[in-house]
Amino acid sequence: MASPASAHDPHTSVPSRPHRVAWWPWALALVVIAVAIRCRDFGNPVIHVDEQYYLLVGSRMLDGAVPYIDLWDRKPVGLFLIYAAIRLLPGDGILAYQLVATLFAAGTAALVMYGARRLGAARVGAFAAAVAYLLWLSLLSGRGGQSPVFYNLFTAAAAVLTLRLPALAAARRPGAIVASGAAACLLAGLAIQTKYTPVVEGAFFGLAHSWYLRRAGGSVAMLIGAMLLWAMLGVAPTAIVVLAYWLRGPAVFAAFWFSNFASIALRHGYPAAKIAARLAGTGAQLLPFILCAVAAWRCRPRRPETYIVFGWLGAALVAFAMIGAFFDHYALPLMVPLTMIAAPVLDRHRAAIVALLGYGALLFVARVLLVPTDAASARAVAAVMRTYDGGQCPFVFAGDSVLYVLADACVPTPYAFPSTLAYDAERGATGIDEAAEVRRVLAGRPPVIVTMDEPFAPWNPDSEAAVAAALRRDYRLSLSVPREDGHLLAYVRRDRLSAGR
């Protein structure tokens, strides 16, 4: 093992040979900490509206549903395949996806620790950074199975490979750099099939490998060949999906292409005040890491790995800004480079470890532990749906798509993610007339309609008017339960109230 001095010498590109450290006790500790942080939500079906829908689509894929045809969304099919695989585990999938997501989170935290060691951090600072990653996942709506909880593992692994490049170039090992780039770009390709925004990070990893391949003495021919190989591996997972949908015929392929690549540009923007509020809230939570990043950049002289990790952070920031909605969970990919960058700073200022984790713990108590889970509310509404469905499909107009899973109910529309038909941001962005689709569903007289008195976003006025008219005419409120700042409302068709099941 290298000496303590060499472990922190900024002139060397190889820190303290992290691969010689016994990693399994640290990894096991991170699994335990991940479980401790996240266990409060184990079994909670309504952690976040997004992952509810991923679970619904994954569940119905096992019954033959085709994403974008039978159930519509914009996420790549790789994410739904993850959830479909999880649904093969025992149970209704809720606890299963949360446990799998916890393992992904712990694995990513272990890679944060490994990458931090590459940046020169000792084990204490690296471990503290890994714990901070786990803690901040929960603060940024990553308590369950948001897509970055899964794909951060792929990008973190690609980043760790990229952080080895200065050492490989110094050792004049171009072949090893080619192999490293192949693995990193394939990992990035898997991340892209979980959400499309990591394409920016994947491009950065490829460019970094290209730069260091030349520095290692690789010829121009080798560089061109390697770049072609890396690009092919990066696009391979998505290319396989594109081919699979193309083989299903022009109509299916057109639906796939529109939902994945065209519809996002049709979404309405959010008001500037709302965007500013989201950025302010996210910035306040990330402030300790921003300060650590400033301190790390000001440290002289800089290690080669420092330039790599800051370049990666820049790519992640571009991906964060690409969609423009700036929900807090869009910042989850930033946490991997930010925590790695913070680790050496935490080493130099050990009191900062207490300050950072203390700040995170206070936020965790205020934003997670003291906030009701609403799990009982969702299960109560699902019970109403089961009781009165009469073999027909209930309609969750607004609220939680996981209600279809909990009630084991059929879905009356491919546009089952509630915001798609109910909220104004999606009006005109789905390729259909959303209000007309609502009227079509209502014409089938669903036995139960679920909506909210305080929506998560402004209503699509035409859709909401159609539902309100149907509720006044044919339905009676059966249940009202708390849900976030409002109530989840279950209306039962009047002729079903007396019949029950």
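### A word on the packing of helix α2 (residues 24-38) against helix α6 (residues 123-139)
It is the contact of α2 with α6, at a shortest axis distance of 10 Å, that shows an interaxial angle of 25 degrees. By the angle between their directions, the pair α2 and α6 is classed as roughly parallel. In the crossing of α2 with α6, the sense of the turn from one axis to the other is right-handed. Across the interface between the two elements, W26, A29, L30, I33, A34, I37 and R38 from α2 touch R123, F127, A130, V131, L134, L135, L137 and S138 from α6. In terms of residue class, the contact of α2 with α6 is made up of 12 nonpolar, 1 polar and 2 charged.

### With respect to the sheet that holds strand β2 (residues 448-452)
If you walk across this open sheet you meet the 4 strands as β1-β2-β4-β3, and the pairing is mixed. The open sheet has two edge strands with one neighbour each: β1 (395-396) and β3 (475-483). Looking at chain direction, β2 and strand β4 (residues 486-493) are connected through 5 bridges and run antiparallel. Bridging from a neighbouring strand, V448 pairs with V492 of β4. Contacts between helix α21 (residues 461-474) and the sheet are confined to β2, β3 and β4, with β3 contributing the most and set at about 125 degrees to the helix.

### Some remarks on the pattern of salt bridges
Proximity of charged atoms lets side chains of opposite charge pair with each other. Taken as a whole and assessed by the stated rule, the structure comprises 14 salt bridges. Across the pair R303 and E305 runs a salt bridge whose closest N-O atoms are separated by 3.6 Å. Side by side, R303 and E305 carry an identical accessibility label, which is buried. With its nearest N and O atoms 3.4 Å apart, the salt bridge here joins R350 to D347. One connected set of salt bridges, linked through shared partners, spans D374, D400, R483 and E484.

What counts as what
Residue indices begin from 1 for each chain and proceed along its sequence in written order. Totals for whole chains, interfaces and linings use all residues, but because this is a predicted model, local features are given only for residues with pLDDT of at least 70 and pairs of side-chain atoms are given and counted only at 80 or more. To obtain the side-chain values, all non-hydrogen atoms of the structure were used and water was disregarded. A fitted line through C-alpha atoms serves as each axis, taken over the contacting stretch for helices, and the angle formed by two N-to-C directions is quoted from 0 to 180°. Counting from the N terminus, the helices are DSSP H or I runs at least four residues long and the strands are E runs at least two residues long. Throughout this description, any angle smaller than 35 degrees is read as roughly parallel, any larger than 145 degrees as roughly antiparallel, any in the 65 to 115 degree range as roughly perpendicular, and the remainder as oblique. Helix crossings get a hand from a simple test, with the near helix turned counterclockwise from the far one by less than a right angle marking a left-handed crossing and a clockwise turn marking a right-handed one. Contact definition: two residues touch when any of their heavy atoms are within 4.5 Å. For this scheme, ten residues count as nonpolar: Ala, Val, Leu, Ile, Met, Phe, Trp, Tyr, Cys and Pro. Four count as charged, namely Asp, Glu, Lys and Arg, and the remainder, Gly too, count as polar. Any two strands with at least two DSSP-identified bridges between them are counted as paired. Salt-bridge detection follows one rule: a side-chain nitrogen of Lys or Arg within 4 Å of a carboxyl oxygen of Asp or Glu. Think of it in three bands: residues with accessible area under 20% of the maximum for their type are buried, residues over 50% are exposed, and the middle band is partly exposed, with areas taken using a 1.4 Å probe on protein chains only.

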